[in-house]
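# Structure at a glance
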Amino acid sequence: DVKVTQSSRYLVKRTGEKVFLECVQDMDHENMFWYRQDPGLGLRLIYFSYDVKMKEKGDIPEGYSVSREKKERFSLILESASTNQTSMYLCASSFPGVGQPQHFGDGTRLSIL
Amino acid sequence: AQRVTQPEKLLSVFKGAPVELKCNYSYSGSPELFWYVQYSRQRLQLLLRHISRESIKGFTADLNKGETSFHLKKPFAQEEDSAMYYCALLDSSYKLIFGSGTRLLVRP
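Now for a look at the structure at hand. (Residues numbered from 1 in each chain as written. Chains lettered and ligands numbered in written order. Predicted model: local features only at pLDDT ≥ 70, side-chain atom pairs only at ≥ 80, totals over all residues. Heavy atoms only, no water.)

### Thoughts on the overall build of chain A
Which entries qualify depends on this criterion: Every helix listed is a DSSP run of H or I at least four residues long, and every strand listed is a run of E at least two residues long, numbered separately from the N terminus. For the radius of gyration, the atoms used are the C-alpha atoms, and the globule rule reads 2.2 Å times the number of residues raised to 0.38. Relative accessibility thresholds used throughout: buried, under 20% of the residue-type maximum; exposed, over 50%; partly exposed, between the two (1.4 Å probe, protein chains only).
Tallying secondary structure elements over chain A gives zero helices and eleven strands in all. The order of helices and strands in chain A, counted from the N terminus, is β-β-β-β-β-β-β-β-β-β-β. At 13 Å, chain A has a C-alpha radius of gyration in line with the 13 Å of a compact globule built from 113 residues. Referenced to the eigenvectors of the C-alpha coordinate spread, the extents of chain A come out at roughly 40 × 30 × 25 Å. Counting across all 113 residues of chain A, residues that qualify as buried make up 49%.

Set out below in structure tokens:
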């Protein structure tokens, strides 16, 4: 069974802090993704990565960066957290190719005060 | 523009009633579509994909290219079907575009 693990279930940080959200998958998936989930907006893609050290911007990359130093780990970084980044953050991974489903972690509920 | 529209934020039905969760898409090529489900306090998970033509937990979804729709259907809803449902489209860069989601509430 695919396991995508996000380091924290709940996180509270202050405005201006640098925040790290970690995600690890154990299925040797090439693709990894970071989304934020907001009521009424669904899931919006922040960044994704097709391979180690590769990253691509998604639909809403502003205020975020990512790091993929190892295949199994994909980190999302909030350079200077702001209150509008309070959200549920979901990590996902998949094999490449058409029809390959994405497997999601439990999510991190991040509150920026 | 590539887009997925789920017009209903909330759909409330009684147990045993038929369910149809609507999904419309905008895509210029041949679409690859999915339904994902998130039960309360659980992770988002794949429910079904159109290329598999499968029925999962009694749910089916048929791609209608003429109407650009991929509605999710179940003839008899169960209370355990209550969840958040997302329709998603695989875009030309192999990224998923999600709809805004529909909360299904099945009442006893």
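Don't stop here, the text continues.
### Describing the overall build of chain B
As a reminder, the rule being used: Any two residues having at least one pair of non-hydrogen atoms within 4.5 Å are treated as being in contact. Each accessible area value is a Shrake-Rupley result obtained with a 1.4 Å probe; residue values ignore everything except the protein chains displayed when judging cover. As used throughout, the charge tally considers Lys and Arg to be positive and Asp and Glu to be negative, leaving His and the chain termini uncounted. Charge placement uses NZ in Lys and CZ in Arg. For Asp and Glu, CG and CD serve respectively.
Helices and strands together make up the secondary structure of chain B, namely zero helices and eleven strands. A compact globule built from 108 residues would reach a C-alpha radius of gyration of about 13 Å, and chain B, at 13 Å, matches this within 12%. Taken along the three principal axes of its C-alpha coordinates, chain B extends 40 × 30 × 25 Å. Excluding contacts between residues fewer than 6 apart, the proportion of contacts in chain B whose partners are at least 24 apart in sequence is 58%. For chain B, the exposed surface amounts to about 5,500 Å²; the carbon and sulfur share of it is 49%. Mean positive and mean negative side-chain charge positions of chain B (15 and 10 charges, respectively) differ by 5 Å.

### Thoughts on the interface of chain A and chain B
To keep it simple, the criterion reads: Put simply, buried area is the surface a 1.4 Å probe can reach on two separate parts but cannot reach once they are joined, added for both. One speaks of a salt bridge when a side-chain nitrogen belonging to Lys or Arg is within 4 Å of a carboxyl oxygen belonging to Asp or Glu. A 3.5 Å cut-off defines polar contacts: any pair of N or O atoms within that distance qualifies, except that in protein one atom must be a possible hydrogen donor and the other a possible acceptor, and neighbouring residues in sequence count only when both atoms are side-chain atoms. Charged means Asp, Glu, Lys or Arg here, nonpolar means Ala, Val, Leu, Ile, Met, Phe, Trp, Tyr, Cys or Pro, and polar covers whatever is left, Gly included.
With 21 residues of chain A at the contact, the number on the chain B side is 20 residues. Summing both partners gives a buried area of about 1,800 Å² for chain A against chain B, and 53% of it is carried by carbon and sulfur. Taken together, the links from chain A to chain B amount to one salt bridge. A salt bridge links Arg-43 of chain B to Asp-106 of chain A; the nearest nitrogen and oxygen atoms lie 3.0 Å apart. Linking chain A with chain B are six residue pairs in polar contact (both at pLDDT 80 or more). When residues of the side of chain A that touches chain B are traced back to their parent elements, those giving at least two are strand E4 (31–38) and strand E5 (42–49) of chain A. Tallying contributions element by element places E5 of chain A first for the side of chain A that touches chain B, with four residues. Within the side of chain A that touches chain B, the residues separate by chemical class into eleven nonpolar, seven polar and three charged.

### Overview of the state of the cysteines
Residues and elements named next belong to chain B. Heads up, the rule is: Whenever a pair of cysteine sulfur atoms sits within 2.5 Å, that pair is classed as a disulfide.
Tallied over the full model, the rule gives two disulfides over all chains. Shown here is the disulfide that connects Cys-23 with Cys-87, its sulfur atoms set 2.0 Å apart. Negative torsions about the S-S bond denote left-handed disulfides, and the value of about -65° found for Cys-23 with Cys-87 makes this one left-handed. Here Cys-23, found in the loop between strand E3 (19–21) and strand E4 (24–26), pairs with Cys-87, found in strand E9 (residues 83–90); they are 64 residues apart in sequence, far enough to count as distant. Exposure class is identical for Cys-23 and Cys-87. Each is buried.

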